[in-house]
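Observations on chain architecture
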Amino acid sequence: MRLEAAARMDLFRKLWRARKLIVVVFIPLSLLPLPLIHPTSEACCAYVLMVTAVYWVSEAVPLGAAALVPAFLYPLFGVLKSSEVAAEYCKDTTLLLMGVICLAASIEKWNLHKRIALRMVMIAGAKPGMLVLGFMCCTVFLSMWLSNTSTTAMVMPIAEAVLQQLICTGLADSHDDSETVDASEDDSAVSNKQEKLDKKELEMFYRNEGDDSTKQELHTLSDGQTGEVNGFGLQPVLNKTFVRQTNGHLPQVAIEIPNVKRVKARRDSQYPTKRDHMICKCLSLSITYAATIGGLITITGTSTNLIFAEQFNTRYPDAKVINFGTWFIFSFPIAIIMLVLTWLWLHFLFLGCNFRETCSLSKKRKTRREMMSERRIHEEYAKLGPISYPEVVTGVFFILMTLLWFTREPGFVPGWTSLFEKKGYRTDATVSVLLGFLLFLIPARRPFSSSSGCRNSDDDSDSDPLAPMITWKDFQRLMPWEIVILVGGGYALAAGCKVSGLSVWIGRQLEPMSGLPPWAVTLLACLLVSAVTEFASNPATLTVFLPILSALSETLLINPLHTLIPSTMCVSFGVMLPVGNPPNAIVFSYGHVQISDMVKAGFGVNLIGVAVVMLAITTWGVPLFNLTEFPAWAVARNVTGSL
């Protein structure tokens, strides 16, 4: 029996190790009867869609590799030509992303992001509540332009340095407190002639060598007297021994007795107090949530925004409503409200409700630990030195790119594209690629200057006075090619659904929902998407749901933007588990938070996000996107699809 049980367990272990290979082989074979029994375009497209979706959700193969499935299955089943599928893998948003990555590479290479982050934290101060808010604000701002993962990976080391300073200062304070308490106990012990010394915690060994009564060795056996505390190398002097000679035999000794239980409790934990641990949890989680919030603000803030923009513009080419300006106007208030509510939620959860103590800007109310934390932040900022020439150039390009995006087609006034005779040729990608290309040309050294005027440069730029702001290696290091292929796979799936008529068929199956009001349909979509994205990648989840929700909106005669925009935003709210998105995993790896902390805090953030997005789409989103009526560009698409 034991041998059989062991053999079964060994078989289960082998199957578990091979689970990804089993999924890769079993799923296509099990679904193969669908296109064989029903050899229609809709069935073949549905087969490709389901296989790709399962690969994405299960991550049996890398996301980028799974995105290549439509590239060979669509031609094999006769859904799309190979050339037509290939054209879907490089779109306008790919060029937009490449230009933004060029700017992001320059920002990271010359440490402009670190200067911005430290300056904003210096303004906020070192009070726990204000420190968390300061880090959240700088993370939101950086995440608008950099990827959420890059922003989190950059800000967390800065936050960790501040937290370590907080922990070290807390340990030093605890030792000072123990000395103060023990000093008072020492006075009372001397006055009572040592009658209350605890003999179980202390042993005294007195050794008198020869006739010289001044030669004595006093050994105190107590834990932690010479060891390190918490790995920080702090050598606390907990036991001070004062010897007063009398007759050369037994000395009168006044000995400080540490609070052994308190010291041991602190040594068993990484943190001086429970409050310090709560501050570490609050600050760590605030960074990943702020990165998610910042990614909502701009079209380029996160890959899901790009997926939505391209799929929407491809499906509805006559709809000229989604651009950098309109998206920013809609999403910026959402981010501000979410930032404030998320900060309040985390403060309540980990720091309590005493905002006067944790958020006061008065210098008189600052503790020694807060002053030490501020000093550490100022020291980190001083290491950057004065602002350099490459940082100035990068900042100018950053502002210029933003202004050109805003003023291209603002809507309420003619944009700069109206200066050209031919309309519709220039997009946000045009600006992005142009400025990104110039970064490969502009020298990193100040013109007509003998000194380099820049720091953090490599040997090539030191030797070459015309070395550019960024190199191709800098660009390659940050360019997320997997996301590019993943987005392309989503475009290919959307094109297949459109050509084969699968999206129309799905829409007809959803006609029973026609009795629901638009806000109820949107709410159900948001809740469904935010639940699925906790276990699947954000881009894969959105790529699967966008065609379905588009068909649903057309069938119910709801403005597609009413369901697509909230769903796109809610797909970023996978914040309850470390596997929800890469920023969560980065923060979790630092060891300050547990999964239970992420679930508890993330559930509240998820509810806040869905509520704020629903508020936005039913208030200022209505006049901005004219959501009260079914638009003409959607009517044309619906009629064409029906034919």
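Residues numbered from 1 in each chain as written. Predicted model: local features only at pLDDT ≥ 70, side-chain atom pairs only at ≥ 80, totals over all residues. Heavy atoms only, no water.

1. What to know about the side chain of T52
Mapped onto the fold, T52 is located in helix α4 (residues 41-58). The exposure class assigned to T52 is buried, which follows from its relative accessible area of 0%. With residues near it in sequence (within four places) discarded, T52 still touches A66, V69, P70 and L493. (Helix = DSSP H or I, 4+ residues; strand = E, 2+ residues; numbered from the N terminus. Buried < 20%, exposed > 50% of the residue type's maximum accessible area, 1.4 Å probe, protein only. Contact = heavy atoms within 4.5 Å.)

2. Section: the packing of helix α25 (residues 538-556) against helix α26 (residues 560-570)
In the contact formed by α25 and α26, the axes pass within 9 Å of each other and the chain directions differ by 160°. One way to sum up the angle between α25 and α26 is to call them roughly antiparallel. Considering the relative orientation of α25 and α26, their crossing is right-handed. The residues of α26 that touch α25, namely those facing L542, L546, L549, S550 and S553, are P560, T563, L564, S567 and T568. (Axes fitted to C-alpha atoms, helices over the stretch in contact; angles between N-to-C directions. Parallel < 35°, antiparallel > 145°, perpendicular 65-115°, else oblique. Left-handed = near helix turned anticlockwise from the far one by under 90°.)

3. A look at the confidence of the model for the chain
When pLDDT is averaged across the chain, the result is 75; 75% of the residues are at 70 or more. Counted against residues more than four places away or in other chains, residues 174-268, with its pLDDT under 50, gives 114 contacts. (pLDDT = per-residue confidence, 0-100.)

4. Concerning helix α15 (residues 324-351)
At S331, α15 shows its maximal bend, which comes to roughly 30°, and the proline P333 appears one to four places after that position. Just beyond α15, the residue with positive phi is G352, at close to 90°. (Bend = angle between axes of the 7 residues up to and from the residue.)

5. Regarding the pattern of salt bridges
Taken as a whole and assessed by the stated rule, the structure comprises five salt bridges. Between D10 and K14 there is a salt bridge whose closest N-O contact spans 3.5 Å. Placement of the pair is D10 and K14 together in helix α1 (residues 2-17), with a separation of four residues, close to one helical turn. Residue classification places D10 among the partly exposed residues on the basis of a relative accessible area of 30%. Residue K14 is classed as partly exposed on the basis of its relative accessible area of 46%. Measuring nitrogen to oxygen at the nearest pair gives 3.1 Å for the salt bridge that ties R315 to E554. Of this pair, R315 sits in helix α14 (residues 303-315) while E554 sits in helix α25; the two residues are 239 residues apart in sequence, bridging distant segments of the chain. For R315, a relative accessible area of 9% puts it in the buried group. Residue E554 is classed as buried on the basis of its relative accessible area, which comes to 5%. (Salt bridge = Lys/Arg side-chain N within 4 Å of Asp/Glu carboxyl O.)

6. Brief notes about helix α27 (residues 582-589)
Among all positions of α27, only P583, N584, I586 and V587 are buried. Viewed along the axis of α27, the buried residues span an arc of 160°, placing them on a single side of the element. Immediately downstream of α27, the backbone of G591 shows phi near 85°, a positive value. (Arc of directions from axis to C-beta.)

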